[in-house]
Amino acid sequence: MKDSGFELPLPHPFDFQLCLNYMARSPFECLYTTDTLGVNRLVKVGVAKRLIRVTCPHGRMMQVQLLQGVSLAKEELEELTRYIRNWFDLDRDLEPFIQMSEGDPLLGQLIESFSGLRIVGIPDLFEALCWAIVGQQVNLTFAYKLKQRLTEHYGDAAEWEGVVYRMFPSPEQFASVSIESLLSLQLTRNKAMTILDVASRMTSGELSRERLLKLSDSESIDKELTKIRGIGPWTAQYVRMRCLGDQTALPIGDVGLQNAVKKMLGLNQKPTPSELRALFEQWPGWESYVTFYLWRTLY
DNA sequence: CACCAGGACGGGA
DNA sequence: TCCCGTCATGGT
């Protein structure tokens, strides 16, 4: 059967290979598979699960294939397109960012290495929140394992050409999950309670991506998120950065960010939060991109 | 065994 | 408001 799908024009600059490199950074990633040419992933479109493959043949257009050969209704097509745009941050104009790097040693170095890398997003709010929560104060290797366990225990899956593709579980799928079962997956009690609380709030509709985006300013969003026990400033910033498309998000307490700055500037010790704030005042409006690029220098 | 990891919370200045 | 100890759990 001939593959169905569609193409999206690419913004400039855009480097798909750098995005792929980022996505391929952990062997424990369970929500998509990458190869030299692209990424495969199971996504929910409307009520259906669709297996897609994203590539950029010749680097000219982004090609989105529906691997199971289904064709999409108009609304589904629009929803999937939105998802892809959020995933690869296609609507961002990076030219001002590039221009800002001129005469800036640190930023210049980052652009030199990563120009065209877009913030690879997590369009699904629940997935983004849970990923941040499991990633609190643990090394990334373990965070990936926790995400994998949650996904394999509670998420949906589909098989294609002998490979199993999985989706992160929905909030509804946590409705009947107990704290104890999460503890058995090596989550701490606090993380388990926070995830169930978030799932409940999202199931009821009290918490949603749309609602957060409607809030006028970033501080309201932070307040809305950090009122949930177990979600602190780092998690709120992280979610604004990876899910809500907020360029100004700055996870100031992030140990990876601190280590990256220490490494880039050749410091003897990690910068303090106030030193980080002062440093980032050079890049107003681009805090999240600088953060994302700095993270890339660590691996 | 010690120290670290893409933190959060609560108490006390 | 800021600072600091504590908690929690696997990695290295």
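Residues numbered from 1 in each chain as written. Chains lettered and ligands numbered in written order. Predicted model: local features only at pLDDT ≥ 70, side-chain atom pairs only at ≥ 80, totals over all residues. Heavy atoms only, no water.

Looking up chain A in an unreviewed UniProt entry gives the name DNA-3-methyladenine glycosylase II, with the organism given as Paenibacillus radicis. The Catalytic activity (unreviewed entry) field of the UniProt record for chain A holds the comment "Hydrolysis of alkylated DNA, releasing 3-methyladenine, 3-methylguanine, 7-methylguanine and 7-methyladenine." (UniProt positions renumbered as here; feature names shortened; annotations may be inferred.)

Attention now moves to the nonpolar core. Counting 96 residues, the largest nonpolar core has M62, I84, W87 and F88 as the members making the most contacts within it. It is helix α5 (residues 125-134) that contributes the most residues to this core, nine residues altogether. Not counting residues up to four positions away in its chain, the partners in contact with M62 are F6, E7, L8, L10, F14, F16, V54, T55, C56, I84, F88 and L90. Formed by five residues, the second largest nonpolar core is a distinct cluster that contains L42, L51, L67 and M167. (Core = buried A, V, L, I, M, F, W, Y, C linked by side-chain atoms within 4.5 Å. Buried < 20%, exposed > 50% of the residue type's maximum accessible area, 1.4 Å probe, protein only. Helix = DSSP H or I, 4+ residues; strand = E, 2+ residues; numbered from the N terminus. Contact = heavy atoms within 4.5 Å.)

Segmentation of chain A into domains returns domain 1 (4-91), domain 2 (96-116 + 249-299) and domain 3 (125-154 + 168-242). Each of domain 2 and domain 3 has a C-alpha centre, and these two points are 26 Å apart. Of the residues lining the interface, ten residues belong to domain 2; the matching set on domain 3 comes to seven residues. Roughly 680 Å² is buried in total at the junction of domain 2 and domain 3, and carbon and sulfur atoms are behind 75% of that figure. For the pair domain 2 and domain 3, the number of links is zero salt bridges. Here domain 2 and domain 3 share two residue pairs in polar contact (both at pLDDT 80 or more) between them. Among the residues making up the side of domain 2 that touches domain 3, the classes are represented as six nonpolar, three polar and one charged. (Domains from an automatic or database assignment. Buried area = accessible area lost by both parts, 1.4 Å probe. Salt bridge = Lys/Arg side-chain N within 4 Å of Asp/Glu carboxyl O. Polar contact = N/O pair within 3.5 Å; in protein donor to acceptor, adjacent residues only side chain to side chain. Nonpolar A, V, L, I, M, F, W, Y, C, P; charged D, E, K, R; others polar.)

Along strand β4 (residues 48-55), seven of the eight residues are buried, which leaves the element largely enclosed by surrounding structure. Relative to β4, strand β3 (residues 38-45) runs antiparallel, the two being bridged by eight bridges. Looking across to β4, one finds that N40 is bridged to R53. In sequence, β3 turns back onto β4 through a hairpin of two residues, with G46 there showing a positive phi of about 65°. As defined by bridge partners, β4 adjoins strand β5 (residues 61-66) across four bridges and the pair is classed as antiparallel. Looking across to β5, one finds that I52 is bridged to L66. (Pairing = 2+ DSSP bridges.)

Further remarks concern the protein's contact with DNA strand C. What surrounds DNA strand C is the set Q137, N139, T141, F142, K145, Q186 and T188. The sugar-phosphate backbone supplies 83% of the atoms of DNA strand C found within 4 Å of the protein. Between DNA strand C and N139, the relevant distance is 2.6 Å, taken from a sugar or linking oxygen to a side-chain nitrogen or oxygen of the residue. Residues of the surface near DNA strand C, tallied by class, amount to one nonpolar, five polar and one charged. (Near = heavy atom within 4 Å.)

Here we take up the UniProt feature "domain: HhH-GPD" (unreviewed entry) in chain A. The residues that UniProt annotates with the feature "domain: HhH-GPD" (unreviewed entry) are residues 134-299. Secondary structure across residues 134-299 comprises 55% helix and 5% strand; the distance between its end C-alpha atoms is 20 Å.

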